[in-house]
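Residue-level structural notes
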Amino acid sequence: MSNSVKNSDPAFQGVGQRVGTEIWRIENFQPVPLAKSDYGKFYSGDSYIVLQTTPGKGGAYLYDIHFWIGQDTSQDEAGTAAIKTVELDAVLGGRAVQHRELQGYESDKFLSYFKPCIIPLEGGFASGFKKPEEEKFETRLYICRGKRVVRMKQVPFARSSLNHDDVFILDTIKKIYQFNGANSNIQERAKALEVIQHLKDKYHEGKCDVAIIDDGKLVAESDSGEFWVLFGGFAPIGKKTISEDDVVPEATPAKLYSIDDGQLKLEEDTLSKALLENNKCYLLDCGSEIFVWVGRVTQVEDRKAASKAAEEFIANENRSKATRISQIIQGHEPHSFKSKFELWPVGTGTGNSGGEDGRGKVAALLKQQGVDVKGISKNSPINEEVPPLLESGGKLEVWRINGSAKTPVPKEEIGKFYSGDCYIVLYTYHSGEKKEEYFLSCWMGKDSVQNDQMMSTRLANTMWNSLKGRPVQGRIIEGKEPPQFIALFQPMIVLKGGISSGYKKFIAEKNLNDETYTSDGIALIRVSGTSVHNNKAVQVDAVSKSLSSTDCFLLQSGNSLFTWHGNSTTFEQQQWAAKVAEFLKPGVVLKHVKEGTESSAFWFALGGKQNFTTKKLTQDIIRDPHLYTFSFNEGKLEVCSLILHYFVTEVYNFSQDDLLTEDILILDTQAEVFVWVGQSVDSKEKQKAFDIGHKYIELAASLEGLSPDLPLYKVTEGNEPCFFTTYFSWDGPKAMAQGNSFQKKLSLLVGTAVQASESNDKSNNSNHSGPTQRASALAALSSAFNPSSKTKTGAPKPSRSGQGSQRAAAVAALSSVLTAEQRKRSDTSPARISRSPSPGPDTTASDTVKTKSASTEVRNPEEISTEKEAVEGDRSITESNGADSEVIQDLKMDEDGGQSTFNYERLKAKSSNPIRGIDYKRREAYLSDAEFQTVLGMTKEAFYRQPKWKQDMQKRKVDLF
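This report concerns the structure included in the present document.

Each value, and the rule that gives it
- Each residue is numbered by its place in its chain's sequence as written, counting from 1.
- Residue-level local features of this predicted model are given only where pLDDT is at least 70; pairs of side-chain atoms are given and counted only at 80 or more, and the full residue set underlies all totals for whole chains, interfaces and linings.
- Excluding hydrogens and water, the side-chain figures rest on all heavy atoms present in the structure.
- We call a set of buried Ala, Val, Leu, Ile, Met, Phe, Trp, Tyr and Cys residues a nonpolar core when their side-chain atoms join them within 4.5 Å.
- Buried means the residue's accessible area, taken with a 1.4 Å probe over protein chains only, is under 20% of the maximum for its type, while exposed means over 50%, and partly exposed covers the values in between.
- Only runs of H or I of at least four residues qualify as helices and only runs of E of at least two qualify as strands under DSSP, and these elements are numbered from the N terminus.
- The criterion used for residue contact is that any of the two residues' heavy atoms lie within 4.5 Å.
- Here, a strand pair is defined by DSSP locating no fewer than two bridges between the strands.
- Axis angles are defined between N-to-C directions and span 0 to 180 degrees, where every axis is a line fitted to C-alpha atoms and, for a helix, only to the segment in contact.
- Stacked, tilted and edge-to-face are the three classes assigned to paired rings of Phe, Tyr and Trp, where Trp is represented by its six-membered ring and a pair needs centres within 6.5 Å; plane angles under 30 degrees give stacked, over 60 edge-to-face, the rest tilted.
- Charge over a ring is defined by NZ of Lys or CZ of Arg lying within 6 Å of the ring centre and within 35 degrees of the ring normal.
- The rule for a salt bridge is simple: a side-chain nitrogen of Lys or Arg has to be within 4 Å of a carboxyl oxygen of Asp or Glu.
- For classification, angles of less than 35 degrees are called roughly parallel, those exceeding 145 degrees roughly antiparallel, those between 65 and 115 degrees roughly perpendicular, and all remaining angles oblique.
- By convention the crossing between two helices is left-handed if the near helix lies anticlockwise of the far one by an angle smaller than a right angle, and right-handed if it lies clockwise.
- Under the scheme applied, nonpolar residues are Ala, Val, Leu, Ile, Met, Phe, Trp, Tyr, Cys and Pro; charged residues are Asp, Glu, Lys and Arg; polar residues are all the others, including Gly.

This next bit is on the nonpolar core. Counting 54 residues, the largest nonpolar core has F439, F485 and F489 as the members making the most contacts within it. No other element matches helix α12 (residues 571-584), which puts six residues into this core. When sequence neighbours within four positions are dropped, the list of residues in contact with F489 reads L396, V398, I414, G415, F417 and V425.

Pasting the structure below:
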């Protein structure tokens, strides 16, 4: 491998050293780095290599290499791209997963790098192709498919290209039209709106109009008329014709072939990991997907030959162009590969985590020396990744399960849990929006009986339904309590035994000793942790080997209570031990014992002195969030994710926009599992949320070693808690938008206007404040949806991150005004939404509200004039505020330190002397480099390489969020 790296292409020098995307185009059969400004542009006559670098566990990087083959590229160039991909993998240490991407059949993972879409362009820079002329605008018709990632395909600009089942985008020089087929998918309609916004911003400088055309709507309307004129006039459109693009290859039972000198040999029917030898290459045929597995000690030439064999296999078998090819290296197998084997021991292989990589070994060595992989001391307050906790000051209620009923736990006993019992916990609090929120959970002791566990779930479901499905509902197993649960109890103590009737009956039937804690018996309690999220106390076996020098312990012996301090404990731990003692036995006089000064009475209570550990045994919780979709099939639950057998549907590079209201999704962070349920999900399917979560955890535990006792939560749309939203760049107003996916996206990205009847509208003007309110709302809407405009002073356009909030607020304001007016009109006349619904069975009347980039209603001239003035005034305010985001980018990238910086104390969210006029979402950017290192424990460059959710988590810990 060393010779291969030495002889690698110069274009690959220094690659893979930072998180992000790197792209090369094949020119004259050589890889040439592509300019950043051309990322996302793919010409059909060219081939490309795309390297995606992401952060992995243990400080190592993960690599995915995709070679993209244009439909008009030459066979020689396509072959060059495949060979250069293998060479690039060798440069990266042979750890990358390689993917073949054919134009029009790209994988979801590849498309997720270029959201909302890539738009393949005709022509290319390869030999024999003319350079495309981008200066001349050409009207184009696209078919737009996909719910979360979009596959755009240019089709002939003709009426015959349209059908009733798909969504189309017609891009003209002055206006972009979206044509929704009557039977098209609601979610694809919503995604197409994002594409329109992308086209408008990138190719029209934000200055063209937008119109939505609904299939089957024949009313006299200007937009609809304009649209059909472009096609030569209205005429019926034909049915969809099935093409190769619509044929999805079926998954088949996996077959394993060994590859020897380019020849394939079928292996045994029973697939086990033991069949894979580290000096060979193999092909795993799964029907819809082909895996090429290469042993760790194979040579580069062997890997190139294996890649070529896979291409020939697809051609000889006459497989669909949509068949995926992925090449993986031994020890870095993804779960979608491992799940095909009947025998693949849990814990073998790294799962592409990079844990066996050299950098991972260095990180492990540094950790042994007390230094984190990024150079942070283990005592650093930001070393532990802790999600945000629930707001304090709420109402906490706890019930213990007793038979078929729940018994309230007295207030003075709240915080005591018995391992043999089950509990229901309800915490009612107010979020920052002053909205009442609920955290409802079942805590199940490790020794509790199954009947009590089932009863706790049943009673919690009843409470969840009585609160109209608003609470976050959790299942929490003893020993896996999450930070937000522990923080509710100050302190929390887990005691041996149980006091419920179910537990007492169980030990009597099994003739077991009752070890239930009593206030006058012998008990040893370990007190560890000093932060509100980890300060749990647990009763352990009352023997001296249970002690540890890094913890404090309470030893109860009859009426005596000792507090024992290990030599490595801190003053804060000792203080907390005293607080736990007061909670356990109020008013007791403590006998303080330091390690090494124990009396004979102390050792006698523990059955004699024995050796105990002097090292702290901790297991780091490493969060690695992944989002997956689920589906239901004929009433049977099917789980669709990377780690399960059915179908691969991980949502790559996920964002809040991927939480579609018609869907159920799983968010697996490796520390907890969330089942997110959209509001538009069928009520029967909503009831299966916990079944989905249990099944997911069960299969994930068997395939990848996920702990079966992880906290499991059910979260409903609109009621997401802070410890869920932290994994997204969360926009509150966006989350509160109403309607189906299309309606939500329409209101947030474009804005809606109600077409009211002209009669009565003008005469029904008794409420004089209505036009003024509407004008103000439309003004805010207009300024939010026209970011390309500039003020007279040339203020820069607002940042994209700020536009979402502006738009959502503007839409909310407009919606409230229109709703109030409609309510008033309803007293004297029926509702006046004139647009008829689309003939599609899944479309409602509000789906078909007419939209433009600057929507208006038929009103009197004075009203229009008032609104125009408000629009222009509001626009200048919006755009001047938007300059702050560009200032922050300058702060982050300026190496000369010429930009303004501020003191940490003034930048904190709870500062007594806060800075005004900054971008409060990016407070950390205003720190000096030195103070940034002190506060956050790393450089700015290292900080911004991290995933957004991790940045937010660290900012919360230092009050910069």
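Now, onward.
When you tally the buried positions in strand β33 (residues 712-716), you get five out of five residues, the bulk of the element. Burial along β33 is two-sided: the residues L712, K714 and T716 and Y713 and V715 are all buried. The pairing of strand β21 (residues 472-477) with β33 spans three bridges and is antiparallel. Residue G474 lies in a different strand from β33, and its bridge partner there is Y713. Here strand β32 (residues 673-677) pairs with β33 via five bridges, running parallel. Counted as the bridge partner of V673 is L712 from β33.

Read across the sheet, five strands follow the order β7-β6-β8-β9-β10 without closing on themselves; strand pairing throughout is mixed. Where the open sheet ends on each side, the last strands, each with one partner, are β7 (151-155) and β10 (209-214). Along the sheet, successive strands turn relative to each other by an average axial angle of 25°, direction set aside. Bridge count for strand β6 (residues 140-145) against strand β8 (residues 167-171) is five bridges, and the pairing is antiparallel. Note that in β8 the partner of R140 across the bridge is D171.

Counted by the stated rule, this structure contains 47 aromatic pairs. Pairing F157 with F231 gives two aromatic rings, centres 5.2 Å apart and planes at 75°, and the pair type is edge-to-face. With F157 in the loop between β7 and β8 and F231 in the loop between α5 (222-230) and β11 (255-260), the pair connects residues that are 74 residues apart, well separated along the chain. The exposure class assigned to F231 is buried, which follows from its relative accessible area of 9%. One aromatic cluster is present, formed by F157, F168, Y177, F179, F227, W228, F231 and F234 through successive ring pairs. The residue whose ring lies beneath K406 is W399, and the NZ or CZ to ring-centre distance is 5.6 Å. Taking NZ or CZ as reference, K714 lies 3.5 Å from the ring centre of W464, over its face.

Within the element layout of this structure, I212 appears in strand β10. Look at I212 and you get buried, because its relative accessible area is 3%. The sequence separation of I212 and S224 amounts to 12 residues, and the corresponding C-alpha distance is 8.3 Å.

A word on the pattern of salt bridges. For the structure shown, the criterion picks out 35 salt bridges. Residue R623 pairs with E672 through a salt bridge whose shortest N-O separation is 3.6 Å. Taken as a pair, R623 in the loop between α13 (600-605) and β28 (626-633) and E672 in the loop between β31 (664-668) and β32 lie far apart in primary sequence, 49 residues in all. The buried category is assigned to E672, whose relative accessible area is 1%. A single network of salt bridges, built from pairs that share partners, joins D9, K84, E87, E301 and K304.

Right, let's talk about the side chain of K84 for a bit. Structurally, the position occupied by K84 is in helix α2 (residues 75-91). For K84, a relative accessible area of 11% corresponds to the buried category. Excluding residues that lie within four positions of it along the chain, K84 makes contacts with D9, F12, F29, Q30, P31 and I49.

Next up on the list: the pairing of strand β26 (residues 560-565). By the criterion of burial, β26 is predominantly enclosed, with five of the six residues buried. Alignment of strand β25 (residues 552-557) against β26, held across six bridges, turns out to be antiparallel. The residue bridging F553 from the neighbouring strand is W564, located in β26. Connecting β25 to the antiparallel partner β26 that follows it, the hairpin turn spans two residues, and G558 within it adopts a positive phi of roughly 65°.

The next subject is the packing of α2 against helix α6 (residues 300-316). Where α2 meets α6, the closest approach of the two axes is 10 Å, and the angle between their N-to-C directions is 140°. Taken together, α2 and α6 sit at an angle that is classed as oblique. Our pair here, α2 against α6, has a crossing hand that is right-handed. Listed contacts from α6 to I83, V86, E87, D89 and A90 of α2 are V300, R303 and K304. Looking at the contact of α2 with α6 residue by residue, the class counts come to four nonpolar, no polar and four charged.

Quick look at unusual backbone geometry now. Cis rather than trans, the peptide bond between K115 and P116 has omega equal to 5°. With an omega of 10°, the peptide bond running from Q490 to P491 counts as cis. Along the chain, P491 falls in the loop between α10 (483-486) and β22 (492-495). At N28, a position not held by glycine, the phi torsion is positive, near 55°. Of note in the backbone geometry, K468 takes a positive phi value of approximately 60° without being a glycine. By the element assignment, K468 lies in the loop between α9 (450-466) and β21. In this structure K468 comes out as exposed when scored by relative accessible area, which is 75%.

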